Amino acid sequence: MNKVLVSRKWLGEWKRQLWQNESNLRITGIQNDSLEFHLFALNGAHSGELEGFAIVTDETATYTEYDELDSCILEFKLSGDSLIVIRQIKGDCMAGMAVSYGGDYINEDKIAAKTAAEETLLSIGLFNNVKQDSLFRLLTGDKYSLFVNSTQLTSDEEDLDSLQVKVYASGVRGLFTIMENIIMTDSADHFWAAVLEDDKVYYFTNSEPWKKRLPLTIEKWRERFKDDEVVYE
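Residues numbered from 1 in each chain as written. Predicted model: local features only at pLDDT ≥ 70, side-chain atom pairs only at ≥ 80, totals over all residues. Heavy atoms only, no water.

J.: Is there a simple way to think about the overall build of the protein in this case?
T.: A count of helical and extended segments in the protein gives 4 helices and 14 strands. Rg of the C-alpha trace for the protein: 23 Å, well past the compact-globule value of 17 Å for 233 residues, more than 25% over. Along the three orthogonal principal directions, the C-alpha set of the protein runs to about 80 × 40 × 30 Å. A total of 233 residues make up the protein; the buried ones form 43% of that total. Carbon together with sulfur atoms contributes 49% to the accessible area of the protein, which is approximately 13,100 Å² in total. When the 24 basic and 40 acidic side-chain charges of the protein are each reduced to a single mean position, those positions are 4 Å apart. (Helix = DSSP H or I, 4+ residues; strand = E, 2+ residues; numbered from the N terminus. Rg over C-alpha atoms; globule rule 2.2 N^0.38 Å. Buried < 20%, exposed > 50% of the residue type's maximum accessible area, 1.4 Å probe, protein only. Areas by Shrake-Rupley, 256 points an atom, 1.4 Å probe, with all protein chains shown as cover. Lys, Arg positive; Asp, Glu negative; His and termini not counted. Charge placed at Lys NZ, Arg CZ, Asp CG, Glu CD.)

Printed below as a string of structure tokens:
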């Protein structure tokens, strides 16, 4: 029988870089026709972890595990020396709610060669243009990053104040009431916004009549953490 030769290009650290949905693949060894791997994935605060051996055929490796409760099939496809694409074909594969291992994994050495760009409310899709994002950053100052980091699952909410605004309420999966924010904005780039940090609600607005009072929309949003102190910035 001919011995199967497995490329050493598989070996190393590989990362899926998705906002609040990161995953890490570590391939630590080659045994005959198999890869030894470890996967760790996140979706907000939910996680999944899996390790095992995947059988290699050419540039594709397959992991199969049959269990009465959760059978798992993963396909790994190597592209050159910089990309592995994982398809989660069957099962939850020992992962928490809404966590998956599928996606594009970039070789860590290739990532290290680039300067990581800072995520913004524009880059993650909450705002539509640079002006809007810049004005909001100016308004919120050093709390801007709190809004970015607490934005994962976003819903459109009702404008209870009839201010003709769009209302976006956001939070991180598994961390609601800990990492949440709400942003109201109108066509003239007025903002009414609040974010949670350390049992406090930090409130920001560039609309003078609302500097010292919360809109009803934000009052309703904070009903689940009503006892948190409101800080008017």
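J.: So what exactly am I meant to see when it comes to the environment of Phe 76 here?
T.: When you line up the elements, Phe 76 lands in strand β6 (residues 72-79). Spatially, the C-alpha atom of Phe 76 lies 9.9 Å from that of Tyr 105, the residues being 29 residues apart in sequence. Excluding anything up to four places from it in sequence, Phe 76 contacts Trp 10, Leu 25, Phe 37, Leu 39, Ala 54, Glu 59, Thr 60, Ala 61, Tyr 63, Ile 84, Val 85 and Ile 86. (Contact = heavy atoms within 4.5 Å.)

J.: Is there a simple way to explain the pairing of strand β11 (residues 180-185) in this structure?
T.: Counting buried positions along β11 gives 6 out of 6 residues, so the element sits mostly inside the fold. Burial along β11 is two-sided: Glu 180, Ile 182 and Met 184 and Asn 181, Ile 183 and Thr 185, pointing in opposite directions, are all buried. Bridge count between strand β10 (residues 166-171) and β11: 6 bridges; the pairing is antiparallel. Counted as the bridge partner of Val 167 is Met 184 from β11. As paired strands, β11 and strand β12 (residues 191-197) are joined by 5 bridges and run antiparallel to one another. Bridge pairing in β12 places Ile 183 opposite Ala 193. The loop that links β11 with its antiparallel partner β12 comprises 5 residues; one of these, Asp 189, has a positive phi angle of about 65°. (Pairing = 2+ DSSP bridges.)

J.: Looking at this structure, how should I read the state of the cysteines?
T.: Covalently bonding the sulfur atom of one cysteine to the sulfur atom of another cysteine gives a disulfide. Enumeration over the complete set of coordinates arrives at 1 disulfide. Shown here is the disulfide that connects Cys 72 with Cys 93, its sulfur atoms set 2.1 Å apart. On the sign convention where negative means left-handed, the S-S torsion of about 95° between Cys 72 and Cys 93 marks this disulfide as right-handed. In this pair, Cys 72 is assigned in strand β6 and Cys 93 in the loop between β7 (83-90) and β8 (103-107), connecting sequence segments 21 residues apart. Like Cys 72, the residue Cys 93 is buried in the burial classification. (Disulfide = S-S within 2.5 Å.)

J.: Mind showing me how you'd approach the packing of aromatic side chains here?
T.: The description of two aromatic rings rests on the distance between their centres and on the angle between their planes. Evaluated as defined, the whole model comprises 10 aromatic pairs. Arranged with centres 6.0 Å apart and planes meeting at 65°, the rings of Phe 147 and Phe 204 form a pair that is edge-to-face. Note that Phe 147 is positioned in helix α3 (residues 144-149) and Phe 204 in strand β13 (residues 200-205), a separation of 57 residues in sequence. No difference in accessibility class separates Phe 147 from Phe 204, as the two residues are buried. Consider the rings of Trp 221 and Phe 225, whose centres lie 5.0 Å apart with planes at 80°: the pair is edge-to-face. Taking relative accessible area as the criterion, Trp 221 reaches 8% and is therefore assigned buried. Each residue in the set Phe 127, Phe 136, Tyr 144, Phe 147, Phe 191 and Phe 204 is aromatic and connected to the rest through ring pairs, giving one cluster. (Phe/Tyr/Trp six-rings, centres within 6.5 Å; stacked < 30°, edge-to-face > 60°.)

J.: Sorry if this is basic, but what is going on with the pattern of salt bridges here?
T.: Counting across every chain of the model gives 8 salt bridges. For Glu 197, the salt bridge is made with Lys 143, and the minimal N-O distance between the two is 2.7 Å. Placement of Glu 197 in strand β12 and of Lys 143 in the loop between α2 (130-140) and α3 is noted, with a sequence separation of 54 residues between them. Note on Lys 143: relative accessible area 15%, which makes it buried. In this structure, a network of salt bridges that share partners links the residues Glu 219, Arg 222 and Lys 226. (Salt bridge = Lys/Arg side-chain N within 4 Å of Asp/Glu carboxyl O.)

J.: Sorry if this is basic, but what is going on with the sheet that holds β13 here?
T.: The strands that make up a sheet pair up through hydrogen bonds in the backbone, lying either parallel or antiparallel. Spatial ordering of the open sheet is given by β9-β10-β11-β12-β13-β14, a layout of 6 strands whose pairing is mixed. Two strands lie at the open edges of the sheet, namely β9 (153-156) and β14 (229-232), each paired on one side alone. The mean inter-strand angle of the sheet, taken between neighbouring strand axes irrespective of direction, is 20°. Pairing analysis gives 4 bridges linking β9 to β10, with the strands arranged antiparallel. Bridging from a neighbouring strand, Thr 154 pairs with Ser 170 of β10. Docked against the sheet, α2 engages β11, β12 and β13, running at close to 55° with respect to β12. (Axes fitted to C-alpha atoms, helices over the stretch in contact; angles between N-to-C directions.)

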